[in-house]
Amino acid sequence: MSAREILHFINGQYVPSASGKLFDDRSPVDNRVIARVHEAGRPEVDAAVAAARAALSGPWGRMPVAERAAMLYAVADGINRRFKDFLDAEVADTGKPVSLASHLDIPRGAANFKIFADTVKNVATEFFEMPTPDGAGAINYAIRVPKGVVAVVCPWNLPLLLMTWKVGPALACGNAVVVKPSEESPATAALLGEVMNEVGVPPGVYNVVHGFGPDSAGEFLTTHPDVDAITFTGETRTGSAILRAAASDIKASSMELGGKNPAIVFADADMNVALEATARSVFANCGQVCLGTERVYVERPIFDEFVKRLGDAARIMKPGRPEAEDTKIGPLISLEHREKVLSYYELARQEGATVVAGGGVPDMPDDLKQGAWVQPTVWTGLPETSRVVREEIFGPCCHVTPFDTEEEVIRLANDTPYGLAAAVHTTNLSRAHRVGAKLDVGICWVNSWFLRDLRTPFGGTKHSGIGREGGVHSLEFYTELRNVCIKL
Ligand code: NAD
Ligand code: 6OD
């Protein structure tokens, strides 16, 4: 049987590549080809951008906010109606456990439309009165207008969640989008086109082009002269390349990039809470969460116990097929990514780490041997200068370091080029506030991890990104604020 094909979605229709170029979409579980994906060249990207531009002056551009918001609620309901289709597509592309995708990826994929439909209806703009020399005065008010055509370039780790996290607010604000999903996970972005048509979103408002980055769809889209803004999630190095490309046209850019996130566990923490949250933050989604922990700092009196119990937690993460009920961890996204992660496992050994748990490839049954499996891994004993402690690995692994004082651990946690997220575990309320405020990150959790209120600012400092999205901050990026000044 030949693999199914994944087409571009342009102007409300599924279309193939004119070039006839296709690439393989492989299952990370067993490396089987699950689909053949059409690769966009410049003609498809041009057509998608032109469709988006045209949509802005059609019914979509004239639609009242309340109607647009109702349509986005219908999109969310459409995703939920086809929950199983989205779940199957996401799980096939990523290999993640069904238990994870059904609780996180798909529900959040739908929720991202509702929250921003609500936000755009409920957030006011600015109003100022001003005096004038004639005494009559003037008033100023700001209106929000869409940025225009927004390029949405996405990664593979939470494909639907991270794509709709951008598409939801972009559409709520009245923009039209061209999405470039990751070449590793094209399926749910393609499927969303069906929902857009089912609920009557006008053609051209939501477009999807498939392909790679350099010299492919990603580059053609982000350098396109008729794209007004770029919203990107992915590696810091890619973000830097896109920013360089965006500079020549002064395109507005929002960058959500990599991380090397610390978790800090004080001796007064609730050990069970700290362990559960830290293990989840290291191993969830096979460590492929930008907010995930790769550096753990534990106060010396509880260091040995914490390390032992984190190692135990790593050892019980059972790998297996996504649909199996006892599966606790899936594979990495690809064999190529596994090579990168395993190169750090090897480097840790060369740098003299103590391997507390894992450190290699699990022994899998014959039908899964070709998949991108790695063992959940915990190290100790490396200096802070080690590459394993400094560089983003994006796998199910962490290094644990002891510390003695609050000042010391704040310095260690902040000593990184990244600044995305942190977790602090303590039962001392004053300390929680004090440390939380001193960590140079976009988001700091206390006694939890990945607890998300979508109204809050989300983004990174330093090499972890530029800008904030979430709640009103998404409106700031996806609209231009236009001030109207009226002399009375
Ligand atoms: P990636 O940067 O390799 O790819 C992301 C997207 O960019 C893909 O669609 C890719 O095709 C495209 N791309 C690559 N080169 C391009 C170019 N030159 N021009 C235009 N597009 C290009 O990232 P990834 O491997 O898919 O995802 C993992 C990375 O993403 C990790 O570093 C992770 O930390 C980061 N991430 C960050 C966040 C966040 O919110 N900060 C969220 C998820 C993932
Ligand atoms: O929860 C979110 O909104 C978000 N952007 C999460 C990012 C996770 C990174 O892998």
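Keep in mind that what you see is a predicted model, and the values were worked out from it rather than measured. (Residues numbered from 1 in each chain as written. Chains lettered and ligands numbered in written order. Predicted model: local features only at pLDDT ≥ 70, side-chain atom pairs only at ≥ 80, totals over all residues. Heavy atoms only, no water.)

Considering the nonpolar core
Across soluble globular proteins, you tend to see nonpolar side chains buried next to one another. Among the nonpolar cores identified, the biggest contains 97 residues, and Val75, Val179, Leu192, Tyr206 and Leu291 are the most heavily contacted of them. A per-element tally of this core places helix α6 (residues 159–172) first, with nine residues. For leucine 192, the residues in contact, after removing those within four places along its chain, are Val75, Ile79, Phe86, Phe113, Met163, Thr164 and Tyr206. Grouped together as the second largest cluster of nonpolar side chains are 39 residues, Val374, Trp379, Leu382 and Cys398 included. (Core = buried A, V, L, I, M, F, W, Y, C linked by side-chain atoms within 4.5 Å. Buried < 20%, exposed > 50% of the residue type's maximum accessible area, 1.4 Å probe, protein only. Helix = DSSP H or I, 4+ residues; strand = E, 2+ residues; numbered from the N terminus. Contact = heavy atoms within 4.5 Å.)

Here's the deal with the state of the cysteines
If you walk through the whole model with that rule in mind, you get zero disulfides. The thiol of cysteine 398 is not disulfide-bonded; the next cysteine sulfur, from cysteine 397, is found 7.3 Å away. A residue is classified by how much of its surface remains accessible, and cysteine 398, at 0% relative accessible area, is buried. (Disulfide = S-S within 2.5 Å.)

Section: the site of ligand 2
Taken together, the residues surrounding ligand 2 are Arg108, Asn157, Leu158, Leu162, Trp165, Val289, Cys290, Leu291, Phe450, Arg452 and Phe458. Within the side chain of arginine 108, a nitrogen or oxygen atom sits 2.8 Å from an oxygen atom of ligand 2. Here cysteine 290 contributes a backbone N or O atom positioned 2.8 Å from an oxygen atom of ligand 2. In isolation ligand 2 exposes 310 Å². Once the protein is present, 99% of that is buried. Of the residues contributing to the shell around ligand 2, the split by class is eight nonpolar, one polar and two charged. Two domains each provide a minimum of three residues to the shell around ligand 2, namely domain 1 (4–257 + 464–487) and domain 2 (261–453). (Near = heavy atom within 4 Å. Polar contact = N/O pair within 3.5 Å; in protein donor to acceptor, adjacent residues only side chain to side chain. Areas by Shrake-Rupley, 256 points an atom, 1.4 Å probe, with all protein chains shown as cover. Nonpolar A, V, L, I, M, F, W, Y, C, P; charged D, E, K, R; others polar. Domains from an automatic or database assignment.)

Here we look at the site of ligand 1
Taken together, 30 residues lie around ligand 1, and Cys154, Glu183, Thr238, Leu257 and Glu392 are the ones closest in. With respect to ligand 1, the backbone of cysteine 154 contributes an N or O atom lying 2.7 Å from an oxygen atom. Between an oxygen atom of ligand 1 and a main-chain N or O atom of glutamate 235, the distance comes to 2.9 Å. Coverage of ligand 1 by the protein amounts to 92% of the 850 Å² it exposes when considered alone. Those elements that place two or more of their residues in the shell around ligand 1 are α8 (217–222), β11 (229–233) and α9 (236–247). For the shell around ligand 1, the leading source of residues is α8, giving three residues. The residue makeup of the shell around ligand 1, split by class, is 15 nonpolar, nine polar and six charged. The residue makeup of the shell around ligand 1 includes at least three contributed by each of domain 1 (4–257 + 464–487) and domain 2 (261–453).

Scope: geometric values only; no functional claims are made or implied.
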